Structure formats: C-alpha cells, structure tokens
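Fold and geometry: a report
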Amino acid sequence: MSPRTSEPVAMLRQTVKRRGATLALNGLDLDIRPGQCVALLGPNGAGKSTSVALLTGRLRPDAGTASLFGGDPRDIASRGRMGVMLQEAGLPRTLTVREQVDLFRGYYRKPRPRDEIIRLAGLEGLEKRRCGALSGGQQRRVQFALAIAGRPDFLVLDEPTTGMDIDARRALWSAVRAEIARGCAVLLTTHHLDEAESLADRIVVIDHGQVIADGSPEAIKSRVSGVAIRCRTRLSDAKLSGLARVTGVSRDGGKVTLLTTSAPATLRDLLARDETVDDLTVAGASLEDAVTRLVQAGAPASTRQAEVA
Amino acid sequence: MHTLLVYVREARAQIISTWRTPQFIIPSVVLPLLFYGVMGLGLSKGHEEIAHMMLANYVIFAAIAPAMFGFGAAVAAEREAKLIELKQIAPLPAGGYLAGRLIAALALVGVSIALLGVLAYFGGVKMVPWRWAATLGLGLASAIPFALIGLNVGLRFGSQGATAVANVLFLGFCLFGGLWAPLSIMPAWVGKVADFMPSYHLGQLSQMLSGMQPMASVPHHLSVLGAISLAAMIGAATAWKRQAA
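These figures come from a predicted structure and were not determined experimentally.

Moving on, we come to the overall build of chain A. Scanning chain A from N- to C-terminus turns up 11 helices and 13 strands. Radius of gyration (C-alpha) of chain A: 21 Å, near the 19 Å computed for a compact globule of 309 residues. In terms of its C-alpha atoms, chain A occupies a principal-axis envelope of roughly 65 × 45 × 40 Å. For chain A, the proportion of its 309 residues judged to be buried stands at 48%.

A word on the nonpolar core. Among the nonpolar cores identified, the biggest contains 98 residues, and A:Ala145, A:Val156, A:Leu187 and A:Leu188 are the most heavily contacted of them. Shared between two domains, this core takes at least three residues from each, and those domains are domain 1 (10–216) and domain 2 (225–284) of chain A. Residues in contact with A:Ala145, not counting those within four places in the same chain, are A:Val101, A:Ile117, A:Ile118, A:Ala121 and A:Leu123. In terms of nonpolar packing, the next biggest core, distinct from the first, is built from 66 residues, B:Phe24, B:Met54, B:Met68 and B:Ile113 among them.

At the interface, 20 residues of chain B touch 21 residues of chain A. Elements that contribute at least two residues to the side of chain B that touches chain A include exactly helix H1 (2–19) and helix H4 (83–89) of chain B. The element that contributes the greatest number of residues to the side of chain B that touches chain A is H1(B), accounting for 7 residues. The residue inventory of the side of chain B that touches chain A, partitioned by class, reads 12 nonpolar, 3 polar and 5 charged.

Turning our eyes to something else, we now look at the domain arrangement of chain A. In terms of domains, chain A is made up of domain 1 (10–216) and domain 2 (225–284). Taking only C-alpha atoms, the centre of domain 1 of chain A and the centre of domain 2 of chain A are 37 Å apart.

Time to look at the environment of A:Thr260. Residue and element names in this part refer to chain A. By the secondary structure assignment, threonine 260 is in strand S12 (residues 255–260). The exposure class assigned to threonine 260 is buried, which follows from the 23 C-beta atoms found within 10 Å. Sequence separation of threonine 260 and leucine 120 is 140 residues, and the distance between their C-alpha atoms is 43 Å. In this structure, threonine 260 is in contact with Gly226, Val227, Ile229, Arg245, Val246, Thr247 and Thr266, ignoring residues within four places of it in sequence.

With that settled, the discussion passes to the sheet that holds strand S6 (residues 154–158) of chain A. Residues and elements named next belong to chain A. Spatial ordering of the open sheet is given by S5-S6-S7-S3-S8-S9, a layout of 6 strands whose pairing is mixed. Looking at strand neighbours, the two that pair on one side only are strand S5 (82–85) and strand S9 (210–215), the edges of this open sheet. Between one strand axis and the next, the sheet turns through 15° on average, direction left out of account. Lying on the sheet, helix H1 (residues 48–55) is in contact with strand S3 (37–41), S6, strand S7 (185–189) and strand S8 (202–207); it crosses S7 at an angle near 150°. Contacting S5 and S6, helix H5 (residues 136–147) crosses the sheet at an angle of about 165° to S5.

Turning our attention to the environment of B:Leu136. Residue and element names in this part refer to chain B. Mapped onto the secondary structure, leucine 136 falls in helix H6 (residues 129–141). Given 23 C-beta atoms within a 10 Å radius, leucine 136 is considered buried. Separated by 23 residues in sequence, leucine 136 and isoleucine 113 place their C-alpha atoms 6.5 Å apart. Leave out the neighbours within four places in its chain, and leucine 136 touches Val59, Ile113 and Gly117.

Here is what the cut-offs are and how they apply
- Residues numbered from 1 in each chain as written.
- Chains lettered and ligands numbered in written order.
- Predicted model: local features only at pLDDT ≥ 70, side-chain atom pairs only at ≥ 80, totals over all residues.
- Helix = DSSP H or I, 4+ residues; strand = E, 2+ residues; numbered from the N terminus.
- Rg over C-alpha atoms; globule rule 2.2 N^0.38 Å.
- Buried ≥ 20, exposed ≤ 12 C-beta atoms within 10 Å, placed from the backbone.
- Core = buried A, V, L, I, M, F, W, Y, C linked by C-beta atoms within 7 Å.
- Domains from an automatic or database assignment.
- Contact = placed C-beta atoms within 7 Å.
- Nonpolar A, V, L, I, M, F, W, Y, C, P; charged D, E, K, R; others polar.
- Pairing = 2+ DSSP bridges.
- Axes fitted to C-alpha atoms, helices over the stretch in contact; angles between N-to-C directions.

Shown next, in the form of structure tokens:
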C-alpha cells in the first residue's frame, strides 16, 4: 500500500475555525495518510492545538470539513480507531497504572494485550504503582500507554515527551516508530525540532491558521539555502537584520541565530559593529533555523519574534 | 453488551478510586454510620421512636455526600486534569462517563444506607417490610437530585473551589434540611430556608414513608423536588455542552 495513493486517515479541508476574536484556522488543508508521521509545527497561536482539537472531535469547524477515516471525528467508530495523548493531561491519582490501562483497554472492542502495552510504553515494574505517585515523565508514559491501548490506526501525540528524560524520550520514539511501521498514521506536535526530525517523514509548518510550508524535513531544510551563525551580541534585532546578507534573526536565551547567504560577509559586518561578540559558531542551517525562517518570512510584521513550534 | 461492560468497568474504577480517597469515604460512609450509632442508637436506649425518626433522616443524609462529592469535587478534579476530555475522545459510549459516576455514587449510597438499615434493625426499629423498602429506597433515589446539583458544582468550579462549595452545600443541606436536628427546635427563619432545600422535602417524604408522620402535602414536596432537579439538570446540560464546545 503506497502512502501517496491511499485514502487519508485524517483530513482538514479548507477548514475555518474562529476562537473568540481570533481566526485560529483560516482555510487550512491537511491530509494524513496511513503509515505517515506528520509533524505540525508553528509558533504559539499558529493553530496547532485547534487543528488537533478538530481532528479529535473536540471542536467542530465553522466552515470546511474535518474528517477522520472518511467520517465525522465524533463518531464512536472513528474514535475507536484513534489513540490520543493530550498535552497537559492528568491521570486519576488513586488508580494504579494497571487499573488505568485496563480501563482504557476496555473502551476498545479489540484492545491490545496489557503486557504488550506495558512493554511498549516502558512501564514494566510500575504496574502496581498509583498514578499519583509517578514522576511527570512516567505519567507521560502512562498517557502514551492509554493512547496505544486500542492498537490505533491514527495516533495523535500532542507534545508527547514533555517532562521526559533523554532515555525515556528515545524509548518513546522507538515505540512510535514501531506504530508507524505497522501502518499507523501519526500526527505529532512538538516544541523539540529534533523530535520532529527524528520521527516525522513530513513537516507541515503553519502560521496564522494557514499552511506556510509542507514537505520532508530535508525539503524544508533546503528551503533555507545558507548558513546559521550563532553568537552572543549586544546588537538589537533591528540592527542584526540590517547586517550584510542576513535573511533571518532569532533569539534563544542569550544567544542569537543569524541566517545568512554568505557567512564571511555577515561576519565581517557583525564584527565591525560589535567587538564584544562571543561564543561564535557557524554551521549549516538546522530544521529549527528553517522553520524559524519560514515563519518569519510569512509573518506580516518583520519585527515579529518567532518562537518555533 | 460491550457498551454495558464499559459502564460497569467505568463505575468499578470510580468506586475503587473513591474507596481510596479518605476525604470522600469518611463523610460518605463513616460519618452517617458513626452519628447514627452514637446518637440514634447509643443515646436513645429505650426510645426506639427517636432511632426510627433519625433513620428516616439519615438515609437522606447518607445520600448527600457521595452524590455531592462524587459529582462535585471529583468531576471538577478530572475536568481540570483533562481526563474528561480524554474520555470524550476515547470510544466511550455517549454518557458513559456520567453513567459510570452515577452507578458508583449509587453503589456507595446503597452500601451506607444498607448498613444504616442493619444498625437500625438491630437497634430495635420496627417497620413493616414495605416501609423498610420504601424508606431505604427513597434514600437511594435521593442520590439522583443531589448528583445533579453536584454535577453543576463540578462543571462550573475549579477543583479547589468545587470541594469547598460541595462542603458548604453538604453542611447546608443537612442543617437546613432538618436532617441533624428537628426544625422545630431551630429559629423560625431556618424553617423558611428549609423550603428551598431538597434535603428538607426528601426528609419529610422519608418520615412519611417510614410511618413517623402522616402523609401530607406530598404534591408540594414532589413538585419542589421536581423543580430543583429539573433546574439542576438544565444547568448541568448547559455546562456540559459549554465544556464540550
């Protein structure tokens, strides 16, 4: 079954959704096909959580369509083929891991064996612990266990690895890859671009409720031809964007990333204007640089701070 | 069959969860039994009519806490933790979550009312079988209006606020409903407040069914209860829709 020709598992078509005074989605198109992992990226408020809410049936579109397995995402039949890991979701403190997993298995007509779920989610040895006694990362693993309890054909992972340590993240990634390999479609939202690059075969960048880029991680990266200069500097963003050959500016803590089409030209200009430049590195543009750049280029105001994903 | 099993499993999980939460179990089950054992039976040796009257009040008292806390504080906590949202996405049949909660609340109320009945029976309370069944059955059924009121609290307040409001309502219903002490020994204004308390009307009906009071103003009691339940149901449905949107 070729992923390109098969029917989409989940689909948003010309979807419009207003939330309060803002237009959260403005004619968004999104297809997710079997065996495909799509990472949905964009700044805060771009429409990621609204897209997730529409595909999981928690919201209805104002215009356009949201469909799951060709039907309404609210149909119980569609929901029975979907597994969801919500951002910031909790667990009942007083139930044990096993009780909570069994409860969710019971919702599905053909649940996965409990031992398989526990193993895939890396919860061995924690089955008898009460959920309230687990660490944040362990609770996320229980939520992943609940999401895969019904052997879903569509898995929604909203910031799945928040609060996890490196080992737990890698274990979860390999579990997600195994789900993809058996043909499950995955919709991933994440703040970690390395997570998107490691799991997704397709990146969709959205902003202002519209798709601004859609392609493989490599294709997205190649949209930013050039080099990233990282450093500490006293110069303002406005001055930095005025430097020779600079195409994008972003900040992360005290550090600045400059995207440029010519590193020597930009460096000469930068060093001439600020002799205090420190911690200087020059590297090929990363996926994060690419997404930042795409969001900045799509933004109406040039001064807008782009905080990726 | 699958749907029915889901309801049962959901209810079982709620019961286990409640059982492990002392702040729910103590007011729900321990307090009514303790109060009844000490005051109804212990202090009234040879006064079976007092034990009898108190039983009629206590079957209502026993229904308030599980319903108010199970639907008020617990729903608010699960809503805040987005657990309700996760269950709405999961293939839980429509109403499965609330049905599970209702079954769990009824089970808890049933246990504490049955224990109250056993205490009363061995304490010397005498009734013909249908009066026993009617008194205990009314106690069980009274969990439904209290659950509807609790659901309003759970859907409209944060988890901290909901616990506080549920406590205040719980105490208010018991006190102003005349369940702990007869209204006749309280100031007159309490009697006026009582008319707005579902606990008062249920208590009166319970007294009548258990044979402690002659049947009187039954339509009045039933219509006030019906109005309160209907208002609570509309309020809960509105709040439920709003959180689903």
